[in-house]
Amino acid sequence: MLDFLVVTAHPDDESAIAGFLLSAKKQGYKTGIICLTKGESGGFATKEERVLEFEEATALLGFDWVRILDFPDAGIEVSSSAVETLIPLFRETEAKTIITLHPEDYHPDHRAVAALVDRAIFVAGLKKHSTDDTTWHPAQVLSISLDARRATRRADIVYDISDVQEEWRAFLKCYPSQKIAQFVEIRARYYGLLGGYPLAEGFFLNQPLRLDGPGTLIHKAKRN
Ligand SMILES: [Zn+2]
């Protein structure tokens, strides 16, 4: 059973929460990722090169469970067959929390993944739809945004990644073809500003955040 399952469109989308994932692994949580495409339409690298970069990056992040699918890059569509592809994977992981792309993100594939995940979560929870009488529903669904051009909302949660900065900087070198390092660093500084941290990552809520106890609301006091 996974604590966190990340569902993305392209190899490198997980850069939005690489620090969070490193931090989660350090704390003993189980993580997994489904990337729907092999990123062949980006124009900076071949499909094979992008898969190799993804394999290196996901190994560095220490995922317990990794799947890269072969949906068409820049052509993901919200369809029943795509939903049916995701459901058995979701059920296999029994993920407690799903982290996926923002429903208003700039890239149409990101918006399609957000809609697909939403549908697949709903259908996976229906007993009548199940072939083995089991159902699954995550406790939390969180969104991440790769770009603020359309998703202009302020992040609802900022997560301090300063403690994993060294490993995070190693991750930034994993996608040389996409040249992500500078952009990801600027974004981490921006989210850091929102929370008063040197570097942070942002999450968005599309439904209420569930808290099981007051401990999750207690943080280090800030000294300004
Ligand atoms: Zn993407």
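For the structure, see preceding data.
Read on for an overview of the structure. (Residues numbered from 1 in each chain as written. Predicted model: local features only at pLDDT ≥ 70, side-chain atom pairs only at ≥ 80, totals over all residues.)

**A short note on unusual backbone geometry**
Moving on, step 1. In the Ramachandran plot, Glu94 falls in the positive-phi region, its phi being about 50° despite a non-glycine side chain.
Moving on, step 2. Within the secondary structure layout, Glu94 lies in the loop between α3 (80-93) and β4 (97-101).
Moving on, step 3. Of note, Lys179 is a non-glycine position whose phi angle comes to about 50°, a positive value.
Moving on, step 4. Note that Lys179 resides in the loop between α5 (165-171) and α6 (181-195). (Helix = DSSP H or I, 4+ residues; strand = E, 2+ residues; numbered from the N terminus.)

**Section: the packing of α3 against helix α4 (residues 108-124)**
Moving on, step 1. With their axes 9 Å apart at the nearest point, α3 and α4 run at an angle of 60° to one another. In terms of axis orientation, α3 runs oblique to α4. Note that α3 runs across α4; the crossing there is right-handed. Two secondary-structure elements touch here, α3 through Ala82, Val83, Leu86, Ile87, Phe90 and Arg91 and α4 through Leu116, Arg119, Ala120, Val123 and Ala124.
Moving on, step 2. A breakdown of the residues in the contact of α3 with α4 according to their chemical character gives 9 nonpolar, no polar and 2 charged. (Axes fitted to C-alpha atoms, helices over the stretch in contact; angles between N-to-C directions. Parallel < 35°, antiparallel > 145°, perpendicular 65-115°, else oblique. Left-handed = near helix turned anticlockwise from the far one by under 90°. Contact = placed C-beta atoms within 7 Å. Nonpolar A, V, L, I, M, F, W, Y, C, P; charged D, E, K, R; others polar.)

**Some details on the pairing of strand β1 (residues 4-8)**
Moving on, step 1. Most of β1 is tucked away: 5 of the 5 residues are buried.
Moving on, step 2. The alternating pattern of β1 places Phe4, Val6 and Thr8 and Leu5 and Val7 on opposite faces, both of which are buried.
Moving on, step 3. Alignment of β1 against strand β2 (residues 31-37), held across 5 bridges, turns out to be parallel. Of the residues in β2, the one forming a bridge with Phe4 is Thr31.
Moving on, step 4. Each parallel crossover has a hand, and for β1 linked through helix α1 (residues 18-26) to β2 it is right-handed.
Moving on, step 5. The sheet contact formed by β1 and β4 spans 4 bridges and is parallel. Pairing of Phe4 across the sheet is with Thr97, part of β4. (Buried ≥ 20, exposed ≤ 12 C-beta atoms within 10 Å, placed from the backbone. Pairing = 2+ DSSP bridges. Right-handed = clockwise from strand over helix to strand, strands pointing away.)

**A few points about the sheet that holds strand β7 (residues 200-205)**
Moving on, step 1. Reading across the sheet, the 7 strands line up as β3-β2-β1-β4-β5-β7-β6 and stay open at both edges, with mixed pairing between neighbours. Two strands lie at the open edges of the sheet, namely β3 (65-71) and β6 (157-160), each paired on one side alone. This sheet shows a mean twist of 25° between the axes of neighbouring strands, independent of strand direction.
Moving on, step 2. Pairing of β2 with β3, which is carried by 5 bridges, proceeds in the parallel orientation. If you follow Ile33 over to β3, its bridge partner there is Val66.

Purely spatial values, then, with no claim about function.
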